[in-house]
Amino acid sequence: MSEKKAHQEITAKLRAECKRLLETGTVHTVIGFAPGSMPGRTVPVFITNPQEVAQLTWNPFCAANLSKYLLDHHQPGGKAAIVVKGCDSRGIVRLLQDNQVLRDEVHILGIPCRGQYDHRKIPGGLEVEETEPLEQGTADVAHPELHLEKCAYCENPTPVIYDLLLDDAVAPSTDSKGRFTEITDLEAKTAQEKSTYWDDHFSRCLRCYACRNACPACTCRECVFDQFDPDWVSKRNNLTENTAFHLIRAFHVAGRCVDCGECDRVCPVQIPLRLLNRKIIKDLDELFEAPTPGTDLNVKPALGDFTPQDPDEFH
Amino acid sequence: MPAILKKDNLQQLLASLSQAYKLVLPVRENGMTFFRPYQTGLTIDPDYINTATSPKEFLFPQTEKMLSFKYRESADISITNEEPHAEKLAVFGARSCDLAGIAALDPVFGGRFPDPQYSTRRDNVLLVGLGCRRASASCFCQAFNIDPLACAGADIAMIELEDCFAIEARTARGHAQLANFSQLLEEDHSGGVKTSLSSAREALNRSFGSLPDPAGVKDFLDRQFELPYWEQIASRCLGCGICTYICPTCHCFDIFDVTRGKPDGNRYRCWDSCMFADFTGMAGGHNPRPTQKERVRNRFMHKLKYHLDRYEIGGCVGCGRCVEKCPVNLDIRQIINDINKLQGVEVNGQ
Ligand code: SF4
Ligand code: SF4
Ligand code: SF4
Ligand code: SF4
């Protein structure tokens, strides 16, 4: 099926289904995407009125992972419906495993994803003429060169957990080697080169905490970075504090990061945060044969589980 | 009457500027443009529309040491104030919106009780404005009557034309500096600059998208504080610091002491953001802005009302940075449009 037809059909199905869900009282809210204020953007919407489902849209600029909004929109005894791509659905598993949200509080509308465009890659910036066909699906061919980096070797284009799938499943990338290419490239650098690489990025960090706030693995109500006494990491923006921030956050989400790429997407100064977190995913894969966290609701996070049969001492 | 600087002479001008000043200029880095210190051979990003972060950091740095203190049991606490930073700095290539941003910061830090750090930096800065060639999809300075070619507030104003720059000193400091470059400049004998300027302006105007109309917004907000609308937009806000940290006019800070297990330490002031949950947190745990609704409302009220109330200067200069970078597309232009709609409902509803 062409891109165009797929997007139009999915949008139509999505609206009809959400209308039904709201009308029958199956859900109290639908969390989904609506067209944004500029070409190449979409905006998260929260719909409670069945008459307003026409706002909902599906196009290849639905890059945001909406799963974290469940923290504010789940209610005991009711259900929120949420639109998820494959990678986002791992975020839902994260929230369920962490008991942040209960399975019966959420109705998952899964959309098998053919890749999301990175609006920053649109040639010539955000000219309407260029994004419109992509957005409205009138461009008949997909443009993989405009996809977000993470889409190139997506493990789960089809959501891993859902109540309804809105399209035929999409097969995952078969390029299992390519999956960690960027990480092996980084690993091949000398210690000095690695240090220069990350110093360069971390020194640019604004400490806006958008990466943390968007992350479905960062659910602490009071975050260590907001504490003043003791001030584990101070508000001062310098390479030392910034590095401390990034390394602490990487370890706090180690084994729990679902590789949704939100941190990377939201960063206003384009710090390649996914590389940091993927390095840990790769290590977990090699050390414990742990799948990417969030892939399977029944597989506990590698660093959040233990067995008395473990041959190693518990340190 | 502006003089002409041949494009080939730009490098020479930057080199000479860097003799008299510490020079920062818009440089391409990791696919974005930032103001970075000049080094021999470094030149401006030829394609930048505006920098990813605003030049406010040069007058109001994100991290600033204010004083250090020492405590000895045998003596009183001794306090050493940090000397204001008096380095001569030239910011090359500031856009008109960002110059307007500095004009919006001036009364905050330079009012009845001038802030020594800001004022000293301000007294020592040379602002070289560079008129825009085109607007990005998020630019909307014109909505606030800021002329992107005018470089109002610059010491030296420049406009890039096809084959040269038009250049003009605006202040005594600018004149003094430009006099040093006279051998690099030419007079516009043929009057060609004037013609190129008007076609540059036409091309620039064409590149702007539709502009929001903020005219009635303050008036409406003067009357309306409790709007369910704020809750609607707050529900999607992540409460991050992007919009406020990259904004050329946001100026909130936090003051705290850093001691490392000793009774000696330093006092710093660092940027803070009204979008952070703990921003107005009080000792004892009370927070007068308990939810993101109050925080989001504060940000837009500050931009569109409070700054005007206090200083009769707008709190938003339409640089579009927050529009471009907000991860959830909270677009202040859209908010202005929505407020205009709410106002229509208010008027017609009565
Ligand atoms: S989003 Fe980017 S700039 Fe903001 S704190 Fe995270 S890494 Fe730093
Ligand atoms: S660390 Fe980044 S990639 Fe991992 S779950 Fe959080 S936002 Fe997603
Ligand atoms: S950048 Fe957007 S999400 Fe972040 S605080 Fe500002 S409005 Fe909210
Ligand atoms: S509010 Fe946004 S558009 Fe206005 S000056 Fe600040 S960053 Fe620029």
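On a predicted model such as this, the values are computed, not experimentally measured, just so you know. Residues take numbers from 1 onward in each chain, read along the sequence in its written order. Throughout, the order in which chains and ligands are written sets their labels, letters from A for the former and numbers from 1 for the latter. Residues qualify for local features only when their pLDDT is at least 70, as the model is predicted, and side-chain atom pairs are given and counted only at 80 or more; totals for whole chains, interfaces and linings, by contrast, use all residues. Excluded from the side-chain calculations are hydrogens and water; all other atoms, namely the structure's heavy atoms, are used.

J.: For the overall build of chain A, give the residues involved together with the corresponding values.
T.: Each helix corresponds to a stretch of at least 4 residues labelled H or I by DSSP, and each strand to a stretch of at least 2 residues labelled E; elements are numbered beginning at the N terminus. Each helix and strand counted, chain A has 10 helices and 5 strands in total. Relative to its length of 315 residues, chain A is compact, with a C-alpha radius of gyration of 20 Å against a globular reference of 20 Å. For chain A, the spread of C-alpha atoms along the three principal axes comes to 55 × 50 × 40 Å. Sequence-distant contacts, at least 24 apart, represent 75% of the contacts inside chain A between residues at least 6 apart. In the form shown here, chain A has an accessible surface area of approximately 14400 Å², with 53% of it arising from carbon and sulfur atoms. Asp and Glu count as negative and Lys and Arg as positive, but His and the ends of the chain are not part of the count. A single reference atom marks each charge: NZ on Lys, CZ on Arg, CG on Asp, CD on Glu. The positive charge centre, built from 35 side chains, and the negative charge centre, built from 47, are 2 Å apart in chain A. We compute the radius of gyration from the C-alpha atoms alone; for a globule the expected value is 2.2 Å times N to the 0.38, where N is the number of residues. Here a residue-residue contact requires only that any non-hydrogen atoms of the pair lie within 4.5 Å. Computed with a 1.4 Å probe, the accessible areas rest on the Shrake-Rupley method; for each residue, only the protein chains presented here act as cover.

J.: Which residues make up the sheet that holds strand S3 (residues 32-37) of chain B, and what values do they have?
T.: All names here are of chain B. If you trace the 8 strands from one edge of the open sheet to the other, you get S3-S2-S6-S7-S8-S9-S1-S10, paired in mixed fashion. A single partner strand is all that each edge strand has here, and the edge strands are S3 and strand S10 (185-186). Note that strand S2 (residues 22-29) and S3 share 6 bridges and pair antiparallel. The residue of S3 that forms the bridge with Glu29 is Met32. What counts as an axis is a line fitted to C-alpha atoms, over the stretch in contact for a helix, and the angles between N-to-C directions run from 0 to 180 degrees. In this fold helix H1 (residues 10-20) packs onto strand S1 (3-6), S2, strand S6 (89-94), strand S7 (125-131), strand S8 (156-160) and strand S9 (164-169), with an angle of close to 155° to the strand it touches most, S6. Pairing between strands requires that DSSP locate at least two bridges from one strand to the other.

J.: Before we move on, can you summarise the site of ligand 3 with the specific residues and values?
T.: Nearness of a residue to a molecule or strand requires only that one of the residue's heavy atoms be within 4 Å of it. As a structural note, the neighbourhood of ligand 3 is formed by Cys237, Leu238, Gly239, Cys240, Ile242, Cys243, Met275, Arg299, Cys326, Pro327, Val328 and Leu330 of chain B. Gly falls in the polar group here, along with every residue not listed as nonpolar (Ala, Val, Leu, Ile, Met, Phe, Trp, Tyr, Cys, Pro) or charged (Asp, Glu, Lys, Arg). Counted by class, the shell around ligand 3 contains 10 nonpolar, 1 polar and 1 charged residues.

J.: How would you summarise the nonpolar core if you had to cite specific residues and measurements?
T.: Ranked by internal contacts, the top residues of the largest apolar core, which has 69 residues, are Leu70 and Ile82 of chain A together with Trp230 and Ile332 of chain B. Setting aside its immediate chain neighbours within four residues, Leu70 of chain A contacts Ile31, Ala80, Ile82, Ile92, Leu95, Val101 and Val106 of chain A. Ranked by size, the runner-up nonpolar core spans 63 residues in total, among them Ala214 and Phe245 of chain A together with Ala157 and Phe276 of chain B. Residue types Ala, Val, Leu, Ile, Met, Phe, Trp, Tyr and Cys, when buried and joined through side-chain atoms within 4.5 Å, form a set referred to as a nonpolar core. Categorising residues by exposure relies on relative accessible area from a 1.4 Å probe, with only protein chains included: less than 20% of the type maximum marks a residue as buried, more than 50% marks it as exposed, and the intermediate range marks it as partly exposed.

J.: Tell me about the site of ligand 1, and name the residues and values.
T.: Residues and elements named next belong to chain A. By nearness alone, 14 residues border ligand 1, and Cys205, Cys208, Tyr209, Cys211 and Cys267 come closest of all. At the level of secondary structure, the elements contributing two or more residues to the shell around ligand 1 comprise helix H7 (210-214) and helix H8 (239-252). Taken together, the residues of the shell around ligand 1 sort by class into 12 nonpolar, 1 polar and 1 charged.

J.: Would you mind going over unusual backbone geometry in detail, with residue names and values included?
T.: All names here are of chain B. Within the chain, Cys151 stands out as a residue other than glycine whose phi angle is a positive 50°. Here Cys151 shows up in the loop between S7 and S8. Residue classification places Cys151 among the buried residues on the basis of a relative accessible area of 0%. The residue Glu312 is not glycine, and still its phi comes out positive at about 55°.

J.: Which residues make up the domain arrangement of chain B, and what values go with them?
T.: Residues and elements named next belong to chain B. In this document the domain limits rely on a domain assignment from an automatic tool or a database. In terms of domains, chain B is made up of domain 1 (3-207) and domain 2 (217-348). Between domain 1 and domain 2, the residue contacts involve 41 residues of the former and 38 residues of the latter. Summed over both partners, the interface of domain 1 with domain 2 comes to about 3300 Å²; 60% of that surface belongs to carbon and sulfur atoms. Considering only the side of domain 1, the residues that lose the most area to domain 2 are Gln62, Phe69 and Phe140, jointly responsible for 20% of the buried surface there. Should a side-chain nitrogen of Lys or Arg be within 4 Å of a carboxyl oxygen of Asp or Glu, the pair is scored as a salt bridge. Applying the counting criterion to the domain 1 and domain 2 interface returns 4 salt bridges. Note on definitions: buried area is the accessible-area loss of two parts on being combined, 1.4 Å probe, summed for both.

J.: Please give an account of the interface of chain B and chain A that cites residues and values.
T.: The interface is formed by 38 residues belonging to chain B together with 35 residues belonging to chain A. Here chain B and chain A share an interface that buries about 3000 Å² over both sides, 55% of which is from carbon and sulfur atoms. Per-residue buried area on chain B facing chain A is highest for Asn30, Leu238 and Asn329 of chain B; these three make up 15% of the total on that side. Applying the counting criterion to the chain B and chain A interface returns 3 salt bridges. Linking Arg41 of chain A and Glu324 of chain B is a salt bridge whose minimum nitrogen-to-oxygen distance equals 3.2 Å. Listing elements by their share of the side of chain B that touches chain A, those giving two or more residues are S3, helix H8 (242-245), strand S11 (253-259), strand S12 (265-271), helix H10 (321-325) and helix H11 (332-349) of chain B. Of the residues belonging to the side of chain B that touches chain A, the class tally is 17 nonpolar, 10 polar and 11 charged.

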